[in-house]
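Listed below are the residues making up each chain.
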Amino acid sequence: MTDGMLAVAGADLYYEVRGAGPALLMISGAGGDAGYYSAVAEDLADAFTVITYDRRGNSRSTGGNGTPTTLDEQAADARALVEGLAGGPALVFGSSAGAIVGLTLAARHPEVLTGLIAHEPPAVNVLPDGDPARGFFRELAAVHAEGGAPAAGRRFAQGVRGEGTYRWPDDLWKRFLGNQDHLFTAEWPALASFLPDGEALRSAPFPIVLGAGSEGRGTYYARPSIEIARRIGAQWAEFPGIHMEYLRDPAKFTAALRVLATLLHWKGAASAPT
């Protein structure tokens, strides 16, 4: 594994690169830490050049200046990583908030992708009017305003199936706790207002797959993937396990991701212009 810092507009991004082969950029969710995917990246390094990073304002990256972070900024960061480290377009995987960033990247900068796998984007605004899940971001913002980041973080974890049933790596957990204020102040408004650009995603010149875990059925963070896939005419896949199965059982999660990423790589290569 090699690591480093990449300068982008308004931030320096910490990144890690493992392996050789087609480029695979992995975008983390809440907390924005490359460490979510360390074990998966190690397992996939025999087949892919895996790029992971701390999203701006999180962990070892800079850019947390207290002002709101837009999804356009996050997508531009991901584009810069692909252009600076991949040597050409890359397959992109994003989970949770990282899937929202991935969907924004695909809509805004399609030229840097060969395919997108969006795992459990909590895009609650695609759910029907009156659906209780649409109030998720407002509820957490109110908890944060009243009790601060620790209270909001506890409430957040309570709504994610499987959390508390396994142990996070100590270093990742420590960094995550330091990222909570950034999550609920700088990142929350953009995530709360996100709506996928259906027209851009439908016309994307590469394959897109939405997906969710088998143990997350019916949750606010799993159901939007089904609706987005329906709206843009994309494939949908069921992953094993919980929302963060890549931490609970990375070998199981990697096995599923390896198959899907390989299929998308070859499908994207076949459809690329010659």
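Everything below is about the structure printed above this text.
### Examining helix α7 (residues 223-232)
Regarding α7, the residues found buried are Pro224, Ser225, Glu227, Ile228, Ala229 and Ile232. Those residues of α7 that are buried lie in contact with α3 (97-108), α6 (198-202), β7 (208-213) and β8 (235-239).

### So, the environment of Val8
Checked against the element boundaries, Val8 lands in strand β1 (residues 2-8). Residues Val8 and Leu81 lie 73 residues apart in sequence; the distance between their C-alpha atoms is 8.9 Å. Beyond its immediate stretch of four places on either side in the chain, Val8 contacts Leu13, Arg56, Asp77 and Ala80.

### Examining the pairing of β7
Most of β7 sits inside the fold, with six of its six residues counted as buried. Of the two faces of β7, the one carrying Ile208, Leu210 and Ala212 and the one carrying Val209, Gly211 and Gly213 are both buried. Pairing of strand β6 (residues 113-119) with β7, which is carried by four bridges, proceeds in the parallel orientation. Paired with His119 across the strands is Gly211, a residue of β7. In terms of strand pairing, β7 meets β8 through five bridges, oriented parallel. The residue of β8 that forms the bridge with Gly213 is Phe239.

### Some points on unusual backbone geometry
Even without a glycine there, the phi angle at Ser59 is positive, about 50 degrees. Relative to the assigned elements, Ser59 resides in the loop between β4 (49-53) and α2 (71-86). For Ser59, a relative accessible area of 24% puts it in the partly exposed group. Despite not being glycine, Ser96 has its phi angle at roughly 60 degrees, a positive value. With respect to the secondary-structure elements, Ser96 resides in the loop between β5 (90-95) and α3.

Thresholds, definitions, all that
Within any chain, residue numbers begin from 1 and follow the written order of that chain's sequence. Local features in this predicted model are restricted to residues whose pLDDT is 70 or higher, and side-chain atom pairs enter the listing and the counts only when it is 80 or higher, whereas totals over whole chains, interfaces and linings include all residues. Calculated side-chain values reflect all of the structure's heavy atoms, with hydrogen atoms and water omitted. Throughout, exposure labels follow a simple rule: accessible area from a 1.4 Å probe, protein chains only, divided by the maximum for the residue type, with under 20% read as buried, over 50% as exposed, and the rest as partly exposed. Runs of H or I in DSSP of at least four residues are treated as helices and runs of E of at least two as strands, each being numbered from the N terminus. Should any heavy atoms of two residues lie within 4.5 Å, those residues are considered in contact. We treat two strands as partners when DSSP finds at least two bridges between them.

Read these as spatial facts, not as claims about activity.
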